[in-house]
Amino acid sequence: MNLLNDYPLLCPIDARPLHPEGRQLVCAAGHSFDLAKQGYVNLLPVQNKKSKSPGDSKAMVDARRAFLHTGAYDPIAAGLTKQVRALWSEERGELCVLDAGCGEGFYLGALAEALGGSESRANVKLLGVDISKPAVVAAAKKYKEIAWVVGSNHQTLVPDGSQDVVLCLFGFPCFEVFSRALKSGGKVLLADAGPDHLIELRELIYPSVRRKPLPSMAGAESLGFELVASQRLRYSIRLRSQAAISDLMLMTPHFFKAGREGRQAVAGLTQLAVTVDVSFRVLSAPH
Ligand SMILES: C[S@@+](CC[C@H](N)C(=O)[O-])C[C@H]1O[C@@H](n2cnc3c(N)ncnc32)[C@H](O)[C@@H]1O
Ligand SMILES: [Zn+2]
C-alpha cells in the first residue's frame, strides 16, 4: 500500500486534485505521474527544471546521510520535534506537516519516530518534498511511513489551507506558497545556520570569515506572517574521523565555496571540534 494513494496532492500542471489509478497518480485532465517503486512520486515538470539534476547531488545526499547518522545533529532533531509537538498540542486533532526541502529525510524521519508512540498516527500526515531526486529516493527507501515527492518549494503541490506546519530546515523558503498551503493560524518552522555555525571549520577553509546575519523575515512579514517565537540552539561537537569531516564539508555549501586551498586545509585532519549554532524561528500564517 502506497501512502501517496491517500495523500491529497495537486497536479503540478493545472492544480487539479490527483487520484490514484494503478501505479500512477492522475488528474481529471489526464496528466499522469508514475508512482516509483521506492514509494515516491515525481511532480517536478520538466519545464520547471533549471538544470538536468536540480538540487543536491547523490554525493551530497550520501554525505549528509552519513554525517547525520553519526548523531552529531540529533539535538537539532530533538529541538525540532519538541517544537512541532508544542504546536500540535495547541491545535489538537489532525496534524499535517510538510517538510519543504526535506533532503534525505532525517528530520521528518525523527519526527515520525517521536510521534509514532504516544499519539495516534492515524491523525498524523507527513509529507517531504525536495527538488533533488537522489534525496527523495534516499528518503523514500528509508522512511516508509512518510509520503515523499520530488518537487519544488515554488510549486503548489497540496490543497490550500491543508497544512498545520511547514518545516523549512536549512532550505529555501517560498512564503507565498507556504501561506497558501497553511491552515489559518498554521505555522512555518524555520531552522537556519546562526553566525557561529561551524565557525572552526570556516576559519580553517576561508582566508577571512564573515559572520552572516540570519535571513531576514521582512519578505514573510510583508505577506502577513508574524514571527511568534525564536530560539537558539548552541553546542559543540567533536568530529573524530576524516570521513566525518569531509562528509560535513560536502553536505554544506562550503565544499564548493572553499576552493582548492580551503579543501586542502582540512584534507589531512582526523579530528575537529566545531560549534553548532542553529536558529529556530516560528512564523504564524496570515489569517
Ligand atoms: C541544505 S539542504 C537541507 C536538507 C534538509 N532540510 C536537512 O536539513 O537535512 C537544502 C535542500 O534543499 C533542496 N532544494 C534546493 N532548492 C529547492 C527548491 N526550490 N525546492 C525544494 N527543495 C530545494 C536541496 O536539494 C537540498 O536537499
Ligand atoms: Zn493536471
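Now for a description of the structure that goes with this document. Since the structure is predicted, the reported quantities are computational estimates derived from the model, not experimental observations.

Time to look at the site of ligand 1. The environment of ligand 1 is formed by 17 residues, the closest being Asp56, Gly101, Asp130, Asn153 and Leu169. Here an oxygen atom of ligand 1 and a backbone polar atom of Asp56 are 3.0 Å apart. Side-chain polar atom of Ser152 to a nitrogen atom of ligand 1: 3.3 Å apart, as the coordinates give it. Taken by itself ligand 1 offers 600 Å² of open surface, and the protein chains cover 88% of this.

Here we take up helix H9 (residues 254–267). Between its terminal C-alpha atoms H9 stretches only 13 Å, short of the 20 Å expected from 14 residues at 1.5 Å a residue. Taking the largest bend as the criterion, H9 deviates by roughly 100 degrees, centred on Arg260. If you check which residues of H9 are buried, you get His254, Ala258, Gly262 and Val266. Buried residues in H9 make contact with helix H6 (199–205) and helix H8 (242–251).

Moving on to the packing of H8 against H9. Between two packed helices, the angle of one axis relative to the other and the distance separating the axes together describe the packing. Relative orientation of the contacting elements H8 and H9 amounts to 160 degrees, with a least axis distance of 10 Å. The angle between the axes of H8 and H9 places the two elements in the roughly antiparallel class. The way H8 lies across H9 gives a crossing that is right-handed. Contacts between H8 and H9 involve Gln242, Ile245, Met249 and Leu250 from the former and His254, Phe255, Ala258, Arg263, Val266 and Ala267 from the latter. Looking at side-chain class alone, the contact of H8 with H9 contains seven nonpolar, two polar and one charged residues.

Rules used in this analysis
Residues numbered from 1 in each chain as written. Chains lettered and ligands numbered in written order. Predicted model: local features only at pLDDT ≥ 70, side-chain atom pairs only at ≥ 80, totals over all residues. Heavy atoms only, no water. Near = heavy atom within 4 Å. Polar contact = N/O pair within 3.5 Å; in protein donor to acceptor, adjacent residues only side chain to side chain. Areas by Shrake-Rupley, 256 points an atom, 1.4 Å probe, with all protein chains shown as cover. Helix = DSSP H or I, 4+ residues; strand = E, 2+ residues; numbered from the N terminus. Expected span 1.5 Å × (residues − 1). Bend = angle between axes of the 7 residues up to and from the residue. Buried < 20%, exposed > 50% of the residue type's maximum accessible area, 1.4 Å probe, protein only. Contact = heavy atoms within 4.5 Å. Axes fitted to C-alpha atoms, helices over the stretch in contact; angles between N-to-C directions. Parallel < 35°, antiparallel > 145°, perpendicular 65-115°, else oblique. Left-handed = near helix turned anticlockwise from the far one by under 90°. Nonpolar A, V, L, I, M, F, W, Y, C, P; charged D, E, K, R; others polar.

The quantities given are spatial measurements derived from coordinates; they are silent on function.
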